[in-house]
Amino acid sequence: MSVASYSYQLQPARVRVEFFRLLPISLFVVAFGAAFGLAATQKGLEPLQAVLMSATVFAGASQFAAVDMWGTEVSVLPMIAVVFAINSRHLLMGASLYPMLREVSPGKRYGLLLLLTDANWAVSAQEYQSGRRNLEVILGGGLALWLAWIIGTGLGVYFGGLLQDPKSLGLDMVLGCFLLAMALGGKKSPRVLVAWTVTALASLAAWKWLPANTHVVVGALAGGAIGFFWLERKPAPASDAEDSTHDR
């Protein structure tokens with residue numbers, strides 16, 4: 001595929017808009033970054049190591065899991081398995097964005113995926129369902145969240161005692177409420193409602209009876225199966241409707 005055939009061109013002005021659009025939710029990311037910075041230093045990481053980890057890894061739950069397994073002797077393979085299980089949802093998130101990602105060059109495509117998070121994915125996927133293509137939120141919103149995570153980690157390694165437990169302030173609910181709001185703002189139909197219900201039930205069952213962190217992938221696969229097998233009827237073309245009228 002030639003360079004000219006990549007039809008999606010990122011718009012710098014829209015990238016800036018999406019940066020400021022997700023800036024409010026990045027405030028809670030700062031709080032959890034501070035909690036991670038504190039946890040990392042308590043486990044023996046140097047401040048610079050913790051900040052570099054946040055800058056290069058940028059995976060909140062996975063970083064907490066890795067730090068929890070940190071010690072004088074680190075079991076690498078179990079750590080890889082745990083991190084992969086936590087981040088496996090990104091396989092499905094990336095696949096859902098592929099109809100847009102295939103329209104940008106591979107370099108830009110994988111650069112965008114480095115900044116993919118639950119929040120900017122939810123915005124992009126919801127708008128795509130409404131007929132709008134928005135990869136600028138992956139870049140602009142992702143940069144806002146990435147910077148917030150790094151700043152939070154830096155605050156945590158030096159001033160971590162100020163915010164040791166963000167959950168005590170209810171900050172762990174912010175992202176969940178944001179994702180729920182994005183879902184409720186999307187298209188609603190019997191097909192979508194059934195997919196939500198199946199996803200919720202499958203996730204709850206996996207959370208109760210399957211290994212930790214598998215409920216996200218199980219729920220996504222269950223809901224995706226509904227979408228795969230229950231196809232929506234496309235409206236008949238205008239010419240076909242006119243032909244049926246003339247036949248009468």
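The coordinates are above.
About the thresholds
- Residues numbered from 1 in each chain as written.
- Predicted model: local features only at pLDDT ≥ 70, side-chain atom pairs only at ≥ 80, totals over all residues.
- Heavy atoms only, no water.
- Helix = DSSP H or I, 4+ residues; strand = E, 2+ residues; numbered from the N terminus.
- Salt bridge = Lys/Arg side-chain N within 4 Å of Asp/Glu carboxyl O.
- Buried < 20%, exposed > 50% of the residue type's maximum accessible area, 1.4 Å probe, protein only.
- Phe/Tyr/Trp six-rings, centres within 6.5 Å; stacked < 30°, edge-to-face > 60°.
- Core = buried A, V, L, I, M, F, W, Y, C linked by side-chain atoms within 4.5 Å.
- Contact = heavy atoms within 4.5 Å.

Student: Looking at this model, I keep getting lost on unusual backbone geometry. Mind explaining?
Tutor: Generally, phi is negative for residues other than glycine and the peptide bonds are trans, each holding for most cases. Phi angles above zero are rare outside glycine, and F58 is one such case at about 50 degrees. Note that F58 resides in the loop between helix 3 (47–57) and helix 4 (60–68).

Student: Is there a simple way to explain the pattern of salt bridges in this structure?
Tutor: Opposite charge on two side chains makes pairing possible when the charged atoms of those side chains draw close. Counting across every chain of the model gives five salt bridges. Residues R21 and E127 are paired through a salt bridge, measuring 2.9 Å at the closest nitrogen-oxygen approach. In this pair, R21 is assigned in helix 1 (residues 12–21) and E127 in helix 9 (residues 118–129), connecting sequence segments 106 residues apart. Here R21 falls in the partly exposed class, since its relative accessible area comes to 39%. The partner of R133 in a salt bridge is E103, with the nearest N and O atoms 2.0 Å apart. Separated by 30 residues along the polypeptide, R133 in the loop between helix 9 and helix 10 (136–159) and E103 in the loop between helix 7 (98–101) and helix 8 (106–113) bring together distant segments of the chain. What makes R133 partly exposed here is its relative accessible area of 36%. Taken together, the salt bridges that share partners define one network made up of E18, R21 and E127.

Student: Please explain the packing of aromatic side chains as it appears in this structure.
Tutor: Each aromatic ring pair is characterised by the separation of its centres together with the angle its planes make. Across all of its chains, the model carries four aromatic pairs by this definition. Each ring, one from F36 and one from F64, has its centre 5.6 Å from the other, and the planes form 80 degrees; the classification is edge-to-face. Of the two residues, F36 is situated in helix 2 (residues 23–42) and F64 in helix 4; the sequence distance between them amounts to 28 residues. With 5.8 Å between their ring centres and 25 degrees between their planes, F36 and W149 make a pair best called stacked. Here the residue F36 occupies a position in helix 2, and W149 occupies one in helix 10, the gap between them amounting to 113 residues.

Student: Would you explain the nonpolar core in this entry?
Tutor: Among soluble globular proteins, nonpolar side chains are generally buried collectively. Core analysis: the biggest nonpolar cluster contains 32 residues, and L135, I138 and L145 have the highest contact counts within it. Looking at this core, the elements that each hand over two or more residues are helix 2, helix 3, helix 4, helix 7, helix 9 and helix 10. Excluding residues that lie within four positions of it along the chain, I138 makes contacts with L97, L112, L115, L116, N120, W121 and S124.

Student: For this particular structure, what's the right way to read the side chain of E136?
Tutor: Within the element layout of this structure, E136 appears in helix 10. With residues up to four places along the chain from it excluded, the contact list for E136 reads Y8, Q9, L10, Q11, R14, V15, E18 and G141.

Student: What exactly am I supposed to notice about the environment of V67 here?
Tutor: Structurally, the position occupied by V67 is in helix 4. The sequence separation of V67 and A39 amounts to 28 residues, and the corresponding C-alpha distance is 7.4 Å. Residues contacting V67, with those up to four places away along its chain left out, are F36, A39, A40, K43 and M53.

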